[in-house]
Amino acid sequence: MALDPSVNIGRKAWLPCSHCSHRDGLYLLDSDANMVHVQCPQCHKVWWIDTGNGVGRRSRDADGPPWPAQSA
Ligand SMILES: [Zn+2]
């Protein structure tokens with residue numbers, strides 16, 4: 001997989017890669033509220049990271065999944 005063409009190497013998210021041993025920052029492709037879309041410059045994996053800065057999300061972390069199952 002090649003680097004995403006929308007990568008702006010001037011914008012980086014200073015987070016370690018969760019897919020390989022890269023620890024020196026990820027390319028920041030996009031962001032939406034508290035989610036950031038990143039690509040690892042080493043393994044080229046692309047994924048979304050929840051930065052946990054959203055309102056009312058933090059308290060759910062200890063209780064399991066962030067989105068509770070809907071009871072139909
Ligand atoms: Zn990686």
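Notes on the structure in this doc start here.

Definitions and cut-offs
- Residues numbered from 1 in each chain as written.
- Predicted model: local features only at pLDDT ≥ 70, side-chain atom pairs only at ≥ 80, totals over all residues.
- Helix = DSSP H or I, 4+ residues; strand = E, 2+ residues; numbered from the N terminus.
- Buried ≥ 20, exposed ≤ 12 C-beta atoms within 10 Å, placed from the backbone.
- Contact = placed C-beta atoms within 7 Å.
- Pairing = 2+ DSSP bridges.
- Core = buried A, V, L, I, M, F, W, Y, C linked by C-beta atoms within 7 Å.

**Quick word on the overall build of the protein**
Here's step 1: When helices and strands are tallied, the protein shows 0 helices and 4 strands.
Here's step 2: For the protein, buried positions account for 10% of its 72 residues.
Here's step 3: Sequence-distant contacts in the protein: of pairs separated by 6 or more residues, those separated by 24 or more amount to 18%.

**With respect to the sheet that holds strand E4 (residues 46–50)**
Here's step 1: Pairing in this open sheet of 4 strands is antiparallel, and the strands run E1-E2-E3-E4 from one edge to the other. The sheet terminates laterally at strand E1 (12–13) and E4, the two strands that pair on one side only.
Here's step 2: For strand E2 (residues 26–32) and strand E3 (residues 35–39), the ladder comprises 5 bridges, and the chain directions are antiparallel. Bridging across to E3, Asp-32 finds its partner in Met-35.

**A few points about the nonpolar core**
If you look at soluble globular proteins, the nonpolar side chains tend to sit buried side by side.
Here's step 1: Counting residues in each nonpolar core, the largest one holds 6 residues, listed as Leu-26, Tyr-27, Leu-28, Leu-29, Val-38 and Cys-40.
Here's step 2: Take this core: its biggest share by element is 4 residues, from E2.

**Brief notes about unusual backbone geometry**
Here's step 1: Not every positive phi belongs to a glycine, and Ala-33 is a case in point at roughly 55°.
Here's step 2: Relative to the elements of secondary structure, Ala-33 occurs in the loop between E2 and E3.
Here's step 3: The exposed category is assigned to Ala-33, around which 11 C-beta atoms lie within 10 Å.
Here's step 4: The phi dihedral of His-44 falls on the positive side, at around 65°, and the residue is not glycine.
Here's step 5: Note that His-44 resides in the loop between E3 and E4.

Such coordinate-based values are descriptive only and should not be taken to indicate function.
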